[in-house]
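Observations on the model geometry
Each chain is listed here by its residues.
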Amino acid sequence: MMSEIIRRDEYSLLSKRIKIEGKSFPDELHEIESEQCRQLLSLQFCESVQYIYNPLDYAQQTHRMYLSKYCCGPKRILLLGMNPGPFGMAQNGIPFGEISCVKNWLKISGTVGKPAHEHPQRIIQGFDCKRSEVSGKRFWEFFKDISGTPDTFFKYSFVHNYCPLSFLSKTGKNITPPQLNVSTRNDLNAICDEALRKVVNLLNVKILIAVGKYAEERAKIALRRISEITICNIMHPSPINPAANKGWNEIVKKQLQDLDVLHYFLP
């Protein structure tokens, strides 16, 4: 218990010191993300990728609100997703951004624009999107149930995506980073690995909880030279994962308990 109090005090003191030095966490994090997007968009993607959505651009207003509200200091825990889902972050710029959770629990609103090149069957409707993202709904409602308020959840943690871009095929099918060809995937990973290292260093992250196996795999590679960080994972809430459809909440709660991190999310 005493070591826990010391760790929490260290984060409180670090937050105060950074405020005194006049550094802005949201602005610095946004700069890292913006440079990451710039480098990714300069890549030559494989032929299967016909549409690339960058929600950090057309949903910049809501994404910046997310950073400003919930990332104003160091974070002991980083929950790491893979990349935007078509009916979540792609619609509003918030990781696992299921519309009702973003509006009603995170209390984020704002204007969402359009990608320059939009698939006719994957229209960006922002907060008018009627489809619910199952992964995002499971994710945020679980933490709402155990944390109660966003302030409790974000006190020691933050949610971030390994890759900020969404990829679509000619037919509108969602293409995830692991589905890219080897050459494209290697180029993307090199850029996203470097960005992840910068985010972890900026936020002074000590525990990275990957949401799913791919995020865990990349985190272990990207952060292998950072000895002060613990990398673990929780089950991805995707409905295409049969196990997640059989009580994802109970499974993840036990995983967090076994990792001895559940207390960071409790009131």
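Residues numbered from 1 in each chain as written. Predicted model: local features only at pLDDT ≥ 70, side-chain atom pairs only at ≥ 80, totals over all residues. Heavy atoms only, no water.

1. Looking at empty space enclosed by the protein
- All chains considered together, the criterion is met by two cavities of 30 Å³ or more.
- In this structure, the largest cavity spans a volume of roughly 50 Å³.
- Along the walls of the largest cavity sit Glu 33, Gln 36, Leu 56, His 63, Met 89, Pro 95, His 160, Asn 161 and Pro 164, which together make up its complete lining.
- Elements with a minimum of two residues in the lining of the largest cavity: helix H2 (25-41) and strand E3 (157-161).
- Each residue belonging to the lining of the largest cavity can be placed in one class, and the counts come to four nonpolar, four polar and one charged.
- What the second largest cavity holds in volume is close to 30 Å³. (1 Å grid on protein atoms, 1.4 Å probe; cavity = no way out; pocket = protein on both sides within 12 Å on 5 of 7 lines; lining within 4 Å. Points joined across faces, edges and corners; volume = space filled by probe spheres on them. Helix = DSSP H or I, 4+ residues; strand = E, 2+ residues; numbered from the N terminus. Nonpolar A, V, L, I, M, F, W, Y, C, P; charged D, E, K, R; others polar.)

2. Observations concerning the sheet that holds strand E4 (residues 166-168)
- With antiparallel pairing, the three strands of this open sheet are ordered in space as E1-E4-E5. Each having just a single partner strand, strand E1 (51-53) and strand E5 (174-175) make up the two edges of the open sheet.
- Here two bridges tie E4 to E5, and the two strands are oriented antiparallel to one another. Its bridge partner lying in E5, Phe 167 is registered against Ile 175. (Pairing = 2+ DSSP bridges.)

3. Here's the deal with the layout of surface pockets
- The calculated volume of the largest pocket comes to roughly 790 Å³.
- Looking at the largest pocket, it is lined by 30 residues, and the ones nearest its centre are Ser 135, Asn 174, His 236, Ser 238 and Ile 240.
- When its residues are assigned to classes, the lining of the largest pocket shows 14 nonpolar, 13 polar and three charged.

4. Details of helix H4 (residues 60-70)
- Residues Thr 62, His 63, Tyr 66, Leu 67 and Tyr 70 constitute the buried set of H4. Viewed along the axis of H4, the buried residues span an arc of 140°, placing them on a single side of the element.
- As for H4, its buried residues are in contact with H2, helix H3 (55-58), helix H5 (89-92), helix H8 (150-154) and E3. (Buried < 20%, exposed > 50% of the residue type's maximum accessible area, 1.4 Å probe, protein only. Arc of directions from axis to C-beta. Contact = heavy atoms within 4.5 Å.)

5. Observations regarding the pattern of salt bridges
- Applying the stated criterion to the full structure yields nine salt bridges.
- Among the ionic pairs, Asp 27 bridges to Arg 64, the shortest N-O distance being 2.6 Å. Note that Asp 27 is positioned in helix H2 and Arg 64 in helix H4, a separation of 37 residues in sequence.
- A salt bridge links Glu 118 to Lys 114; the shortest N-O distance between them is 3.3 Å.
- The class of Glu 118 is partly exposed, set by a relative accessible area of 23%.
- Note on Lys 114: relative accessible area 46%, which makes it partly exposed.
- Residues joined by salt bridges that share partners form a network here, namely Lys 213, Glu 216 and Lys 220. (Salt bridge = Lys/Arg side-chain N within 4 Å of Asp/Glu carboxyl O.)

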